[in-house]
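Below, each chain spelled out in residue letters.
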Amino acid sequence: MFKKLPDAGAATVTVLIDGKPFQAPQGCTAAAAALLAGATSTRTTAVSEAPRAPYCMMGVCFDCLVTVDGIGNRQGCLIEVREGMRIESQHGRRVAE
């Protein structure tokens, strides 16, 4: 569904996507990395828990919300990946702590 053209010389960083290591192209966003890793959704809605995936990739639609390094409701399309980043799918409503 989502493919990036190969670039043999591109630098990569290792990120964890839902606990699994993935070599993401340096400079790509968390949402793009999740899609490149094969994710079909990155969150579920708060009420019906319907699956959602990144859509606009420019910060307008909020369908790319993920948890990044333990902080929820982050727009994955606006966050550049970095070495060791933990990207986790969000499921349902977020619980206030």
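What you are looking at is a predicted structure, and each value in this text was computed from that prediction instead of being measured.

Q: Residues and numbers for the environment of T12, please.
A: Structurally, T12 is set in strand 1 (residues 12–17). Separated by 74 residues in the primary sequence, T12 and R86 have C-alpha atoms spaced 15 Å apart. In contact with T12, other than residues within four places in its own chain, are Q23, A24, P25 and Q26. Of note is the side chain of T12, whose polar atom sits 2.9 Å from the side chain of Q23.

Q: Lay out unusual backbone geometry in plain terms, naming residues and giving numbers.
A: Excluding glycine, most residues fall at negative phi; most peptide bonds, likewise, are trans. At E49, a position not held by glycine, the phi torsion is positive, near 60°. Take E49: it is sitting in the loop between strand 3 (43–44) and strand 4 (51–52).

Q: Account for the pattern of salt bridges, with residues named and values stated.
A: Side-chain pairs of opposite charge can arise where the charged atoms are in close proximity. Taken as a whole, this structure holds five salt bridges when the rule is applied. In this structure, D69 and R82 form a salt bridge, with 2.4 Å as the shortest nitrogen-oxygen distance. Of this pair, D69 sits in the loop between strand 5 (65–68) and strand 6 (71–75) while R82 is found in the loop between strand 6 and strand 7 (86–89), placing the two residues 13 residues apart along the sequence. One continuous salt-bridge network, built from bridges that share partners, spans D69, R82, R86 and E88.

Conventions and cut-offs
- Residues numbered from 1 in each chain as written.
- Predicted model: local features only at pLDDT ≥ 70, side-chain atom pairs only at ≥ 80, totals over all residues.
- Heavy atoms only, no water.
- Helix = DSSP H or I, 4+ residues; strand = E, 2+ residues; numbered from the N terminus.
- Contact = heavy atoms within 4.5 Å.
- Polar contact = N/O pair within 3.5 Å; in protein donor to acceptor, adjacent residues only side chain to side chain.
- Salt bridge = Lys/Arg side-chain N within 4 Å of Asp/Glu carboxyl O.

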